[in-house]
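Now for the letters of each chain:
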Amino acid sequence: MSDQLFDQFKTWYEKRHDYARDWKQRTGGQVVATMCTYTPEELLIAADMLPVRVLGAHEPQNVSEPHIFGMFCPFCRDSLAQGLLGRFDYCEGVTLTQSCIQYRQAFGSWRMHVPTVQWDYYCPMPNDVQSPHAKKAHYGEIGRFREFLEQLTGKKLTDEKLNEALEVVNENRRLLRELFEYRKATDPQVTGVEALLAGLTAQFIDKREHNAELKKVLAALPKRNLDRPEGIRFMTIGSENDDVAFMAMVESVGSTIVIDDQCSGTRYFWNEAKLNGDPVKAIADRYCDRPACPTKDYPDHTRFDHVLSLAKDYKAQAAVFLQQKFCDPHEGDYPDLKRHLESNGIPTLFLEFDITNPIGPFRIRIEAFLETLREDDLF
Ligand code: SF4
């Protein structure tokens, strides 16, 4: 039985634009639309801004086609559509840190065609984070972003301000990891939907408020009794996924999502920045060291073993790939990652996501997969 423990995260998720408008009114700060989880949010927070990650709305739209191709990934098209439709009209700025070419195009169109954008910043982070020069190069880029924000606001972004922001963001990462720990248990007291809501809202709610809410939830969790059998334990793998209705459906048919490797989940918050006296270095190193997105995972595929160890640590019995249609980086990884998981005893299912996802047909696929897993006597 569910209780109201995660209701604040649900409300924030559903009313995220209202929250940002309200935040702006009560603080007088700027709100910045951020694209990609490689955005060094610490700099924006130190500049008293609210970073708000651009997410889609999963509604049919017909506004992005004149600007980007229909064969660009649905997440890019949905993100651009949200800007063109004025849903982020409270954001003064928009920023992207280099990830994939499709998202860069969405960012380019956003900054040119969303009329409320007053400033934009592109942070050219190296994709080859394994190069011995990557951290030094990114150190330079973080420094340039810092200077840009200082010029924009007319205020010095002191080391003290940056260290303060680093502490707040690190605390958020730590609390989310604590919350995710509960998912390791048998019949976990945190569902996949609840974990998704907590992880996603961290990407657009003021981190101090988010931390306070996480602490409240963590204090109540030891006494929680969901009385909910876990069924088959799933892992989800892919890029962005905030389709709560899909996740809820998966968990309604005899399974629990216990862990993920997605940028809407663990990849966003898994590693902390190591404070070392130089906040710019701590920020630059943290983003180079984080669990890699496929766009930043070569020549070695570090994420294959990382994904497998997550699956093992959280006792996932099977994995579901949630593939954004036309997403080349994730499609490129898929065959080898599938092989890697299956040869290590984790069966997989592949589903292709679009802007809107057909819950009915997907339910049949998930149920059939569960059936196969049980018939194969795996569980
Ligand atoms: S990595 Fe894939 S899903 Fe993410 S923006 Fe690029 S193409 Fe789209």
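See the structure shown above.
Note that the structure is a prediction, hence the values are computed from the model and not measured.

J.: Sorry, what's going on with the sheet that holds strand β1 (residues 31–35) here?
T.: The sheet built from four strands is open, its strands ordered β2-β1-β3-β4 with parallel pairing. One side of each edge strand has no neighbouring strand; the edge strands of this open sheet are β2 (50–53) and β4 (119–123). The mean angle between the axes of side-by-side strands here comes to 25 degrees, regardless of whether they run parallel or antiparallel. Strand direction decides the pairing type here: β1 and β2, joined by four bridges, are parallel. The partner of Val32 across the bridge, within β2, is Pro51. Docked against the sheet, helix α2 (residues 16–27) engages β1 and β2, running at close to 170 degrees with respect to β2. Each of β1, β3 (93–97) and β4 touches helix α5 (residues 101–113); the most contacted strand, β3, lies at about 165 degrees to it.

J.: I tried to follow the site of the ligand on my own but got confused; where do I start?
T.: Cys73, Cys76, Cys100, Gln102, Tyr103, Ser239, Gln324 and Cys327 make up every residue found near the ligand. Assessed atom by atom at 2 Å from the grid points, the ligand resides in the largest cavity. Its residues placed into classes, the shell around the ligand shows five nonpolar, three polar and no charged.

J.: I would appreciate a short explanation of the packing of aromatic side chains in the present structure.
T.: By convention here, two paired aromatic rings are described through the distance between centres and the angle between planes. In this structure the tally under the stated criterion is 21 aromatic pairs. Each ring, one from Tyr121 and one from Phe145, has its centre 4.3 Å from the other, and the planes form 0 degrees; the classification is stacked. Of this pair, Tyr121 sits in strand β4 while Phe145 sits in helix α6 (residues 134–153), placing them 24 residues apart in sequence. Just as Tyr121 is buried, Phe145 falls in that class too.

J.: I would appreciate a short explanation of a nonpolar patch on the surface in the present structure.
T.: A surface patch of nonpolar side chains, amounting to about 310 Å² of accessible area, comprises Phe69, Met71 and Phe326. Checked against the element boundaries, Phe69 lands in the loop between β2 and α4 (74–84).

J.: Would you mind showing me how to read the sheet that holds strand β5 (residues 232–238) here?
T.: Strand pairing in a sheet relies on backbone hydrogen bonds. The paired strands run either parallel or antiparallel. Strands sit in the order β6-β5-β7-β8 across an open sheet of four strands; the sheet is parallel. Bordering the open sheet on either side are β6 (255–261) and β8 (348–353), each of which pairs with just one other strand. Each neighbouring strand pair of the sheet contributes to a mean axis angle of 25 degrees, computed without reference to strand direction. Contacts between helix α13 (residues 302–313) and the sheet are confined to β5 and β6, with β6 contributing the most and set at about 150 degrees to the helix.

J.: Explain a negative patch on the surface here, please?
T.: Judged by side-chain charge, Glu367, Glu371, Glu375 and Asp376 come together as a negatively charged surface patch. Since its relative accessible area comes to 42%, Glu371 is described here as partly exposed.

J.: What exactly am I supposed to notice about the packing of helix α1 (residues 7–14) against helix α8 (residues 192–201) here?
T.: For the pair α1 and α8, interaxial distance at closest approach is 9 Å and the crossing angle is 55 degrees. Here α1 lies oblique to α8, going by the angle between them. Considering only the axes of α1 and α8, their crossing is left-handed. Contacts between α1 and α8 involve Phe9, Lys10, Trp12 and Tyr13 from the former and Leu197, Ala198, Leu200 and Thr201 from the latter.

J.: It is not clear to me how the nonpolar core should be interpreted in this structure. Could you clarify?
T.: The nonpolar side chains of a soluble globular protein tend to be buried, and buried together. Among the nonpolar cores identified, the biggest contains 123 residues, and Trp110, Leu179, Phe234 and Ile366 are the most heavily contacted of them. The greatest single-element share of this core, amounting to eight residues, is contributed by helix α7 (residues 159–181). Beyond its immediate stretch of four places on either side in the chain, Leu179 contacts Phe6, Val190, Ala198, Leu214, Val217, Leu218 and Leu221.

J.: Quick question: what am I supposed to make of α6 here?
T.: In this model α6 runs 29 Å from its N-terminal to its C-terminal C-alpha over 20 residues, within 8% of the 28 Å that 1.5 Å per residue would give. Buried residues of α6: Ala134, His138, Glu141, Ile142, Gly143, Phe145, Arg146, Leu149 and Glu150, and no others. Packing partners of the buried residues in α6 comprise α3 (41–46), β3, β4, α7 and α12 (279–289). Positive phi shows up at Gly154, right after α6, with a value of about 70 degrees.

J.: Quick question: what am I supposed to make of the pattern of salt bridges here?
T.: Side-chain pairs of opposite charge can arise whenever the charged atoms involved come near each other. For the coordinates displayed, the defined rule picks out 29 salt bridges. Arg144 serves as the salt-bridge partner of Glu141, at 3.4 Å between the closest nitrogen and oxygen. You can see Glu141 and its partner Arg144 sitting in helix α6, three residues apart, about one turn around the helix. Here Glu141 falls in the buried class, since its relative accessible area comes to 14%. Two residues, Asp261 and Arg303, come together in a salt bridge whose shortest N-O distance is 2.9 Å.

What counts and what doesn't
- Residue indices follow the written sequence of each chain, beginning from 1 at its first position.
- It should be noted that, the model being predicted, local features are given only for residues of pLDDT at least 70 and side-chain atom pairs only at 80 or more, the latter also being counted only at that level, while totals for whole chains, interfaces and linings use all residues.
- Side-chain calculation: all heavy atoms of the structure are included, whereas hydrogens and water are not.
- By definition, two strands form a pair when at least two bridges between them are found by DSSP.
- Numbered from the N terminus, helices here are DSSP runs of H or I no shorter than four residues, and strands are runs of E no shorter than two.
- In this analysis, axes come from line fits to C-alpha atoms, helices being fitted only over the stretch in contact, and the angle between any two N-to-C directions falls in the range 0 to 180 degrees.
- The contact definition used throughout considers only heavy atoms, calling two residues in contact when any of these lie within 4.5 Å.
- When at least one non-hydrogen atom of a residue lies within 4 Å of a molecule or strand, that residue is treated as near it.
- Each cavity reported here is a set of points on a 1 Å grid over the protein atoms alone in which a 1.4 Å probe fits but cannot get out, each pocket an open set with protein on both sides within 12 Å along at least five of seven lines, and each lining residue one with an atom within 4 Å of a point.
- Molecule-in-pocket calls rest on the fraction of atoms, with more than half required to lie within 2 Å of the cavity or pocket grid points.
- Under the scheme applied, nonpolar residues are Ala, Val, Leu, Ile, Met, Phe, Trp, Tyr, Cys and Pro; charged residues are Asp, Glu, Lys and Arg; polar residues are all the others, including Gly.
- Stacked, tilted and edge-to-face are the three classes assigned to paired rings of Phe, Tyr and Trp, where Trp is represented by its six-membered ring and a pair needs centres within 6.5 Å; plane angles under 30 degrees give stacked, over 60 edge-to-face, the rest tilted.
- Each residue gets one of three labels from its accessible area relative to the maximum for its type: buried under 20%, exposed over 50%, partly exposed in between, using a 1.4 Å probe on protein chains only.
- Nonpolar side chains (Val, Leu, Ile, Met, Phe, Trp, Tyr) within 5 Å and like charges within 9 Å form the patches, drawn only from residues with over 30% relative accessible area and no salt bridge.
- To measure how exposed things are, a 1.4 Å probe is used in the Shrake-Rupley method; for residues, cover is taken only from the protein chains shown.
- For this analysis, a salt bridge means a side-chain nitrogen from Lys or Arg found within 4 Å of a carboxyl oxygen belonging to Asp or Glu.
- None of His or the chain ends enter the tally, which takes Lys and Arg as positive and Asp and Glu as negative.
- We put the charge of a Lys on NZ, of an Arg on CZ, of an Asp on CG and of a Glu on CD.
- Under this scheme an angle from 65 to 115 degrees is roughly perpendicular, one under 35 degrees roughly parallel, and one over 145 degrees roughly antiparallel; angles in between are oblique.
- For any helix crossing, the convention is left-handed if the near helix is rotated counterclockwise from the far helix by under a right angle, and right-handed if that rotation is clockwise.
- Side-chain atoms within 4.5 Å link the members of a nonpolar core, which is a set of buried Ala, Val, Leu, Ile, Met, Phe, Trp, Tyr and Cys residues.
- To estimate the expected span of a helix, subtract one from its residue number and multiply by 1.5 Å.

All quantities given are derived from atomic positions and should not be read as evidence of function.
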